[in-house]
Amino acid sequence: MTSTLFSPVTYRGLTLKNRVIVAPMCQYSARHGFANDWHLVHLGRFALGGFSLVMAEATAVTPEGRISYGDLGLWEDGQIAPLQRIVEFLKHNGAAAGIQLAHAGRKASAPVPWRGGFNETEAEKAALAFESWSPVAPSAEKHTASYAMPQALDDAGLARIRDAWVASARRADTAGFDMIELHSAHGYLLNQFLSPVANKRSDSFGGSLENRMRFPLSVARAVREAWPEHKPAFARISVTDWIEGGVTVEESVTYARALKALGYDVIDCSSSGFDGAKIPVGPLYQVPLAEAVRKGADIPTAAVGLITRPEDAERIVAEGRADLVALARQALDDPNWPLHAMRSLIGAEGYGHWPLQAGYAVRAKDKALGVTD
């Protein structure tokens with residue numbers, strides 16, 4: 001049997017063995033931005049599970065750019081080596097290694113989500129390397145009442161953050177990552193500039209779409225110029241805010257065209273990020289967004305969001321609705337999703353893609369159960 005989902009695809013000098021990738025997922029498990037054994041095992045299992053590209057979580061380019069005190073960072077050279085260890089494991093086990101570079105803007109210094117608030121004891125604060133700080137943003141407006149009031153960025157602040165993004169991209173290259181993704185979605189800093197929901201500026205960075213794109217595109221340009229030409233760069237965008245008066249699909253198509261002109265290779269199409277969004281959540285609910293950007297901007301896209309069934313993923317790429325399928329929560333639930341999907345889509349041939357240490361045993365188990373011949 002043949003499968004488009006499990007066919008290779010090439011972006012610049014990087015060939016992915018299939019079209020199933022792991023989207024970045026924050027783990028809130030770092031201390032002072034440093035990766036540790038949790039990140040190695042969390043990301044490494046996806047390489048063993050057959051994903052072609054594994055992207056590390058939103059990794060902050062400055063300390064104040066973290067979503068929480070538990071986020072990864074790449075703002076200093078000492079943070080390279082722990083990430084390099086992960087990169088080497090991923091590559092050794094057949095996956096390309098990617099990293100999403102990010103700045104949370106006004107959504108920074110937030111609680112770790114499963115805690116429900118800042119309820120750490122003094123002992124926990126010491127053990128977890130707890131920190132809190134004042135965030136920065138396009139405008140001095142809170143994300144919601146429970147978030148800290150941010151400081152509006154001036155020209156010097158914008159230049160400092162842009163330079164930090166460039167420095168982090170260079171560190172990512174030193175660590176050996178095959179690709180980077182510019183985080184411009186989910187209500188974080190670059191998305192805050194793009195969206196009228198958060199951007200209330202009256203200078204050249206606010207108002208019209210051209211002005212709102214100005215800072216994100218300046219960062220995108222600087223990062224692409226710093227990133228090696230033979231390595232691909234993705235950008236994750238919120239294609240719509242799902243809020244009246246927010247970013248529209250048409251505006252995102254314009255933004256995607258501009259990113260393509262700067263040398264970005266794939267647009268990772270998500271949505272939302274601001275309070276008040278009315279999101280029609282359901283299976284495949286964001287796939288039409290990836291399709292609209294792919295057609296409107298003539299650029300490869302990745303689809304993400306409640307894609308759980310191999311048959312759906314196959315149709316998405318076979319019908320040209322997106323070029324890649326990115327899994328997040330489904331990957332957490334089933335780190336071997338690509339291997340299981342191969343069994344459904346290409347039959348017994350799929351067992352050959354399991355790690356040597358496991359494939360023969362899984363096939364023997366399935367034979368005993370009558371699942372395969």
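Since this is a predicted model, take the numbers as computed values, not measurements. (Residues numbered from 1 in each chain as written. Predicted model: local features only at pLDDT ≥ 70, side-chain atom pairs only at ≥ 80, totals over all residues. Heavy atoms only, no water.)

Some points on the overall build of the protein
Here is the rule we go by: Secondary structure elements follow DSSP: runs of H or I of four or more residues count as helices, runs of E of two or more count as strands, with numbering from the N terminus. Each residue gets one of three labels from its accessible area relative to the maximum for its type: buried under 20%, exposed over 50%, partly exposed in between, using a 1.4 Å probe on protein chains only. Should any heavy atoms of two residues lie within 4.5 Å, those residues are considered in contact. With residues, only the protein chains shown are counted as cover, and all accessible areas are computed by Shrake-Rupley using a 1.4 Å probe. By the counting scheme adopted, Arg and Lys are positive, Glu and Asp are negative, and His together with the chain ends is not counted. Where a charge lies is defined by one atom per residue type, namely NZ (Lys), CZ (Arg), CG (Asp) and CD (Glu).
A tally of regular secondary structure across the protein gives 12 helices and 12 strands. Over its C-alpha atoms, taken along the principal directions, the protein stretches across nearly 65 × 50 × 40 Å. Taking all 373 residues of the protein together, the buried fraction comes to 60%. In the protein, of all internal contacts separated by at least 6 residues, the share reaching a separation of at least 24 is 71%. Here the protein has roughly 14,900 Å² of accessible surface; of this, 52% comes from carbon and sulfur atoms. Computed over 38 positive and 41 negative side-chain charges, the separation of the two mean positions in the protein equals 1 Å.

Focus on the sheet that holds strand 8 (residues 179–184)
We apply this condition: A pair of strands counts as paired when DSSP detects no fewer than two bridges linking them. Axis lines are fitted through C-alpha atoms, for helices just across the contact stretch, and the angle between N-to-C directions can take any value from 0 to 180 degrees.
Taking strand neighbours around the barrel as the criterion, the 8 strands line up as 3-4-5-8-9-10-11-12 in a closed arrangement whose pairing is parallel. Strand-to-strand twist in this sheet, taken as the mean axis angle between neighbours without regard to direction, amounts to 30 degrees. Bridge count for strand 11 (residues 301–304) against strand 12 (residues 324–327) is 3 bridges, and the pairing is parallel. Paired with Ala303 across the bridge in strand 12 is Val325. Across the sheet, helix 1 (residues 37–48) lies against strand 3 (20–22) and strand 4 (53–60), angled at about 150 degrees from strand 4, the strand it touches most.

Focus: the side chain of Asp178
For Asp178, the location among the structural elements is in the loop between helix 4 (155–175) and strand 8. The exposure class assigned to Asp178 is buried, which follows from its relative accessible area of 16%.

What about the packing of helix 9 (residues 310–318) against helix 11 (residues 337–346)?
Quick note on the threshold: Orientation categories follow fixed angle ranges, with anything under 35 degrees roughly parallel, anything over 145 roughly antiparallel, 65 to 115 roughly perpendicular, and all other angles oblique. Three classes are used: nonpolar for Ala, Val, Leu, Ile, Met, Phe, Trp, Tyr, Cys and Pro, charged for Asp, Glu, Lys and Arg, and polar for all others, with Gly counted as polar.
Orientation of helix 9 relative to helix 11, taken along the N-to-C sense of each, is 85 degrees, at an axis distance of 9 Å. In this view, helix 9 runs roughly perpendicular relative to helix 11, as classed from their interaxial angle. Only Trp337, Ala341, Ser344 and Leu345 of helix 11 make contact with helix 9, whose side of the interface consists of Pro310, Glu311, Ala313 and Glu314. Its residues assigned to classes, the contact of helix 9 with helix 11 comprises 5 nonpolar, 1 polar and 2 charged.

Overview of the packing of aromatic side chains
Our working rule: Working definition: rings of Phe, Tyr and Trp (its six-membered ring) pair if their centres are within 6.5 Å, and the pair is stacked with planes under 30 degrees apart, edge-to-face with planes over 60 apart, and tilted otherwise.
Taken as a whole, this structure holds 7 aromatic pairs when the rule is applied. Here Phe193 and Phe205 contribute two aromatic rings whose centre-to-centre distance is 6.5 Å and whose plane-to-plane angle is 75 degrees, an arrangement assigned as edge-to-face. Of this pair, Phe193 sits in helix 5 (residues 189–194) while Phe205 sits in the loop between helix 5 and helix 6 (209–226), and the two are 12 residues apart along the sequence. Look at Phe205 and you get buried, because its relative accessible area is 13%. Three or more aromatic residues link up through ring pairs in this structure, and these residues are Tyr69, Phe118 and Phe130.

Points about the pairing of strand 8
With 6 of 6 residues buried, strand 8 lies mostly within the body of the structure. Residues Met179, Glu181 and His183 point to one face of strand 8 and Ile180, Leu182 and Ser184 to the other, with burial holding for every one of them. Both strand 8 and strand 9 (residues 233–238) contribute to a ladder of 5 bridges, which runs parallel. By the bridge assignment, Leu182 is partnered in strand 9 with Ala235.

Examining helix 6
What sets the pattern is the α-helix's 3.6 residues per turn: residues three or four places apart point alike. Convention followed: Under the convention used throughout, the expected extent of a helix is 1.5 Å for every residue step, that is, one less than its residue count. Consider a residue and the seven residues that end there alongside the seven that start there; fitting an axis to each set, the bend is the angle between those axes.
Relative to the 26 Å expected for 18 residues at 1.5 Å per residue, helix 6 spans 26 Å between its end C-alpha atoms, a close match to the ideal helical length. Of all bends in helix 6, the biggest is about 35 degrees, found at Phe215, and the proline Pro216 comes one to four residues later. Within helix 6, 14 of the 18 residues are buried, which leaves it mostly tucked inside the rest of the structure.

Some remarks on the confidence of the model for the protein
Inclusion rule: By definition, pLDDT measures how confident the predictor is in each residue, and it falls between 0 and 100.
Model confidence for the protein is summarised by a mean pLDDT of 97, while 100% of its residues fall at 70 or above. Across the protein, element-level confidence peaks in strand 5 (residues 96–102) with a mean pLDDT of 99 and bottoms out in helix 12 (residues 356–369) with 93.

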